Amino acid sequence: MLRGQFVLHETPIGVNLVDATMTSELNALFARVEASDSLAVIVFDSADPDFYLAHYDLSDSDEVKHVLAHPEEVHPWTALLARLSSLPVATISSIRGRARGAGSEFLLATDIRFASRERAIVGQFEIGMAAIPGGGPSSRLPGLVGRGRTFEILFGGLDYDGALAEMYGYVNRALPDGDLDGFVDAFASRVASFDLQTIRDIKHFVNLATQRPEAEYKDQMDAFRAAVNRPAQQYIARHLFEAGLQQRSDVERDLPHWVTRFPYRPASGGE
C-alpha cells in the first residue's frame, strides 16, 4: 500500500492548489505505479486539514496562453485524470477539507472515495465563474449520482458536506472525522492483502463497463479553455482575486457564496 499526500508547496497562505508542479509530480508517481509489480493500493490524502485540493491555479497566465494557442493538445490535467482512472491498482481518496473544482475532479477520477463527515467539503463551483468544469465531472458524476443530481451539482455550484455527499453517491462513505484515518488504513490494508492480478483484473473489467470515451474529456476542457478567454470569466476572476482568491481567506472558505457577488452584466456596462 502507498499513501500519497498532497503537500502544500506554494506559500504559507496557500490553499493546496492544483498546478503544473503538482501535475508533473503526480505523473512521476504514476509512472512508478505503472512499473511496479507489487503495489496494490494508493491512498491520497492531504497534509492540509482545511484544503484537500482547493481547485486549479487560475493565476498561471503562461499556461493559459499556451493552452489557448494549442487547442489541438490534450491538456495535462485531462491526461493526468485519465491516467489516474486507468492505473492498475486500487486508488482511494481520503477526504478531509475542501475539494472543489479540480480537487473534486481528482477524487472523482479515483476508484473509491471516503470522506470525513464533519470536515469534508466537495463541489464544482465553476458555473459561478461563467465556465464549465474542465476536468470531466460532466462525464464522471452521472454514473455516481445520477442525471438529476449531476445537474444540481453543476448548475448550483454549491458545496456538499460529507454526509450529503455520501447520501448522493458523490463519495462512497462518510465517517466521523476521528474514525476516517483508521477506517481507510484498514480497508486499504485489506485490499492490499489480496492477489495483485485479481485486483488488476477487477479494475480492468470495471473500467470497461464505466469509463467514458476520452474524447469527451478533451471536449470539456476545450469548453473550459474557451470560457477562460471570454470577458465574463475574466471579469469575475479579476474581482475574486482582488477579494482574496487562492489565499487563506473568506473567499476560499466560502467560494460558492463569493462567486455570486460579482455578476457580469455587459448590457449595463460590464467591464
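Remember, predicted model here, so these are calculated numbers, not experimental data.

Rules of the game
Residues numbered from 1 in each chain as written. Predicted model: local features only at pLDDT ≥ 70, side-chain atom pairs only at ≥ 80, totals over all residues. Heavy atoms only, no water. Helix = DSSP H or I, 4+ residues; strand = E, 2+ residues; numbered from the N terminus. Buried < 20%, exposed > 50% of the residue type's maximum accessible area, 1.4 Å probe, protein only. Contact = heavy atoms within 4.5 Å. Areas by Shrake-Rupley, 256 points an atom, 1.4 Å probe, with all protein chains shown as cover. Expected span 1.5 Å × (residues − 1). Arc of directions from axis to C-beta. Polar contact = N/O pair within 3.5 Å; in protein donor to acceptor, adjacent residues only side chain to side chain. Axes fitted to C-alpha atoms, helices over the stretch in contact; angles between N-to-C directions. Parallel < 35°, antiparallel > 145°, perpendicular 65-115°, else oblique. Left-handed = near helix turned anticlockwise from the far one by under 90°. Nonpolar A, V, L, I, M, F, W, Y, C, P; charged D, E, K, R; others polar. Core = buried A, V, L, I, M, F, W, Y, C linked by side-chain atoms within 4.5 Å. Phe/Tyr/Trp six-rings, centres within 6.5 Å; stacked < 30°, edge-to-face > 60°. Lys NZ or Arg CZ within 6 Å of the ring centre and 35° of its normal.

Chemist: What should I look at first to understand the overall build of the protein in this one?
Modeler: For the protein, the helix and strand inventory stands at 13 helices and 7 strands. Residues classed as buried in the protein amount to 49% of the 271 residues present. Residue pairs in contact within the protein that sit at least 24 positions apart in sequence constitute 76% of those at least 6 positions apart. Accessible area for the protein stands at about 12300 Å²; split by element, carbon and sulfur atoms hold 55% of it.

Chemist: So what exactly am I meant to see when it comes to helix α1 (residues 20-35) here?
Modeler: Three- or four-residue spacings in an α-helix give side chains the same orientation, since the helix completes a turn every 3.6 residues. Counted at 1.5 Å a residue, the expected span for α1 with its 16 residues is 22 Å, and the 23 Å between its end C-alpha atoms agrees. When α1 is considered as a whole, its buried residues turn out to be Met-22, Thr-23, Leu-26, Leu-29, Phe-30 and Val-33. Down the axis of α1, the buried set is contained in an arc of 125°. They therefore lie on one face. Those residues of α1 that are exposed and aimed more than 90 degrees away from the buried face are Arg-32 and Ala-35. The N-cap residue of α1 is Asp-19: its side-chain oxygen and the backbone nitrogen of Thr-21 are 3.2 Å apart.

Chemist: Explain the packing of α1 against helix α3 (residues 76-86) to me, please; I cannot follow it from the model alone.
Modeler: Each packed pair of helices is defined by two parameters, the angle between the axes and the distance between the axes. Viewed as axis vectors pointing N to C, α1 and α3 meet at an angle of 30°, and their least axial separation amounts to 11 Å. Relative to α3, the element α1 is oriented roughly parallel. The handedness of the crossing between α1 and α3 is left-handed. Across the interface between the two elements, Thr-23, Leu-26, Asn-27, Phe-30, Ala-31 and Glu-34 from α1 touch Pro-76, Trp-77, Leu-80, Arg-83 and Leu-84 from α3. Its residues placed into classes, the contact of α1 with α3 shows 7 nonpolar, 2 polar and 2 charged.

Chemist: Before we go on, may I ask you to explain the nonpolar core in this structure?
Modeler: Nonpolar side chains in soluble globular proteins tend to end up buried together. Counting residues in each nonpolar core, the largest one holds 38 residues, and the members touching the most others are Phe-44, Trp-77, Ile-95, Phe-106 and Tyr-170. Membership of the second largest hydrophobic core comes to 14 residues, among which are Ala-40, Val-43, Ile-112 and Ile-199.

Chemist: Sorry, what's going on with helix α5 (residues 137-145) here?
Modeler: By the burial criterion, the buried members of α5 are Pro-137, Ser-139, Arg-140, Leu-141 and Val-145. As for α5, its buried residues are in contact with α3, α4 (102-109), α6 (147-156), α7 (162-168) and α10 (214-228). Gly-146, located one to two residues past α5, shows a positive phi value of around 95°.

Chemist: Can you help me understand the environment of Ser-94 in this one?
Modeler: Following the sequence through the fold, Ser-94 ends up in strand β4 (residues 90-100). On the basis of relative accessibility, which here comes to 3%, the residue Ser-94 falls in the buried class. Considering only alpha carbons, one finds Ser-94 and Phe-44, 50 residues apart in sequence, at a separation of 6.0 Å. Leave out the neighbours within four places in its chain, and Ser-94 touches Val-43, Phe-44, Asp-45, Tyr-52, Phe-114, Leu-180, Asp-181 and Val-184.

Chemist: Just checking my understanding: could you explain the packing of aromatic side chains for this structure?
Modeler: By convention here, two paired aromatic rings are described through the distance between centres and the angle between planes. With the rule as written, the count across this model stands at 12 aromatic pairs. An angle of 20° between the planes, with centres 5.1 Å apart, marks the rings of Phe-151 and Phe-155 as stacked. Here the residue Phe-151 and the residue Phe-155 both occupy positions in helix α6, the gap between them amounting to 4 residues, near one helical turn. When its relative accessible area of 35% is taken as the criterion, Phe-151 is described as partly exposed. Grouped by ring-pair contacts, the aromatic residues Phe-30, Phe-44, Tyr-56, Trp-77 and Phe-106 constitute a single cluster. Of note, Arg-140 hangs over the ring of Tyr-217, and the distance from its end group to the ring centre comes to 4.3 Å. The side chain of Arg-149 reaches across the aromatic face of Tyr-168, ending 4.1 Å from its centre.

So, to be careful, I would describe these as geometric facts and stop short of saying anything about function.
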